[in-house]
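Observations on chain architecture
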Amino acid sequence: MRKICVVVGSRANYSSIKSVMRSIEAHPDLRLQLIVGASAVLDRFGSVVDVIERDGFVPDARVNIIIEGETPATMAKSTGLGLLELPTLFELLRPDVVISVGDRFETMATAIAAAYMNIVVAHTMGGEITGTIDESIRHAVTKLAHIHFPANEAAARRIVRMGEDPAAVHVVGCPRIDLVAEIVAGDGADADGDWLDREGVGGHVDPDAPYLIVSQHPVTTEYGDGERQINETLMALLDLGLQAIVLWPNVDAGSDDVARGMRKFREHHRPAHIRFVKNFPVETFVRLMRRAVCLVGNSSAPIREGAFLGTPAVNIGTRQQGRDRASNVMDVGYDRAAIVDAVRRQIDHGRYPADHLYGDGGAGGRIADLLASAPLHVQKRILY
């Protein structure tokens, strides 16, 4: 039985790997090991570990690797701290495969530690193009990984062009789409309004009336400009006058700037139609995205899940620059008037046809089957 270790470091990590974790647990030839750390264990980022445990997963270990400050220096130091802590846990757990998820800075520590310890590294969501430091991290992890699970053919071609063995590149779809497909197939009914009133802060949002979802994170290569950027978005929300659910930013460098802008806005304007939320259970987030009239910000969710759902989206700035996208996305800069205009145009357009650019909902099962059957080699060679 192969031991497969998943390292979850953030809310985005968890939504990106949850269906794979379920499939590994259900597979007769695999055993799931789980390490939870980084922002996923911090209360100010929503204590994602509590959500993970409520979903029935039992972490084998928790690891604190975040150095407070959210600057480029603390980001680099947190990566280094992860590289100090994770090898000890890998020695204790002795996994056959470690899964490195996406492009978060903690995934770099995960991939480096496992590769140096001659543990097979499997990488999900590689080969994609985006702005900010995530682009570099993603491709660096690709060069450390031994098994690749890209979401689509375009990403797979990029991985092969980086010199990776085509036999180790498996197009499986994005695991995040698996959860979306389940909800679309069901009735989607739940007391999301009660959850918002209980967990969020700020104004009341009625999910049965039109609303926006806003998720805007710092752009690490534009460090120092986060407060101005989020202020343009928040002032656009005031101009629009629509209900809005606004998510707290992630832990990347510049997070304090974005969070400070949000706090100032909330305290000064006290908008009765805008609610601020630290973290969502994955299923609640998907249901709310499905019913939203428009998704706004610079998260990848409007591009990935939004494509499958057909929800109109306005992508702001450079964080997702170059990422493959479907017809549901409209791009704008950090400009209040441009954001307002784009949101109104997207609402007028209404829903888009569902697009399977990032998968059809079966990624988790495919990844588990491949983890159980694929040859495991740690020796690599560039193939061009």
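The text that follows walks through the structure, step by step, so that each part is easy to find. (Residues numbered from 1 in each chain as written. Predicted model: local features only at pLDDT ≥ 70, side-chain atom pairs only at ≥ 80, totals over all residues. Heavy atoms only, no water.)

Let us now look at the pairing of strand β10 (residues 274-277). Going residue by residue along β10, you find Ile274 and Phe276 tucked away on one face and Arg275 and Val277 tucked away on the opposite face as well. The sheet contact formed by strand β7 (residues 201-202) and β10 spans two bridges and is antiparallel. Residue pairing for β10: Val201 is matched across the bridge by Phe276. Here strand β9 (residues 243-247) runs beside β10; their pairing, made up of four bridges, is parallel. Bridge pairing in β10 places Leu247 opposite Val277. Following the backbone out of β9, through helix α10 (residues 255-269) and into the adjacent parallel β10, one traces a crossover that is right-handed. (Buried < 20%, exposed > 50% of the residue type's maximum accessible area, 1.4 Å probe, protein only. Helix = DSSP H or I, 4+ residues; strand = E, 2+ residues; numbered from the N terminus. Pairing = 2+ DSSP bridges. Right-handed = clockwise from strand over helix to strand, strands pointing away.)

Here Leu371 lies in helix α14 (residues 363-373). On a C-alpha basis, the gap between Leu371 and Ile24 in space is 8.6 Å, while along the polypeptide they are 347 residues apart. Once residues within four sequence positions are removed from consideration, Leu371 is found in contact with Arg2, Ile4, Ile24, Leu30, Val97, Ile99, Ala122 and Phe149. (Contact = heavy atoms within 4.5 Å.)

Glancing now at the side chain of Gln33. Of note, Gln33 is situated in strand β2 (residues 30-37). Apart from residues lying up to four places away in sequence, Gln33 is in contact with Lys3, Ile4, Cys5, Val6, Asp60, Leu93 and Pro95.

Let's shift gears to the environment of Ser78. Relative to the helices and strands, Ser78 resides in helix α3 (residues 72-93). For Ser78, a relative accessible area of 2% gives the class buried. Not counting the four nearest positions on each side in its chain, Ser78 is found in contact with Ile65, Ile66, Ile67 and Phe105. Among the polar contacts made by the side chain of Ser78, one reaches the main-chain amide nitrogen of Ile67 at a distance of 2.9 Å. (Polar contact = N/O pair within 3.5 Å; in protein donor to acceptor, adjacent residues only side chain to side chain.)

Bringing the packing of aromatic side chains into the picture now. Overall, the coordinates contain three aromatic pairs when judged by the stated rule. Each ring, one from Tyr14 and one from Phe57, has its centre 6.4 Å from the other, and the planes form 85°; the classification is edge-to-face. Remark: Phe57 occurs in the loop between α2 (48-54) and β3 (61-63) and Tyr14 occurs in helix α1 (residues 11-26); sequence separation between them is 43 residues. Owing to a relative accessible area of 3%, Phe57 belongs among the buried residues under this scheme. Taken together, a centroid distance of 5.4 Å and an interplanar angle of 20° make the contact between Phe280 and Phe285 stacked. The buried category is assigned to Phe280, whose relative accessible area is 7%. (Phe/Tyr/Trp six-rings, centres within 6.5 Å; stacked < 30°, edge-to-face > 60°.)

Located in the positive-phi region is Ala38, a residue other than glycine, with phi close to 55°. Looking at where Ala38 falls in the secondary structure, it is placed in the loop between β2 and α2. Since its relative accessible area comes to 2%, Ala38 is described here as buried.

A word on the environment of Arg161. Counting through the fold element by element, Arg161 comes out in helix α6 (residues 153-161). Considering only alpha carbons, one finds Arg161 and Gly127, 34 residues apart in sequence, at a separation of 9.6 Å.

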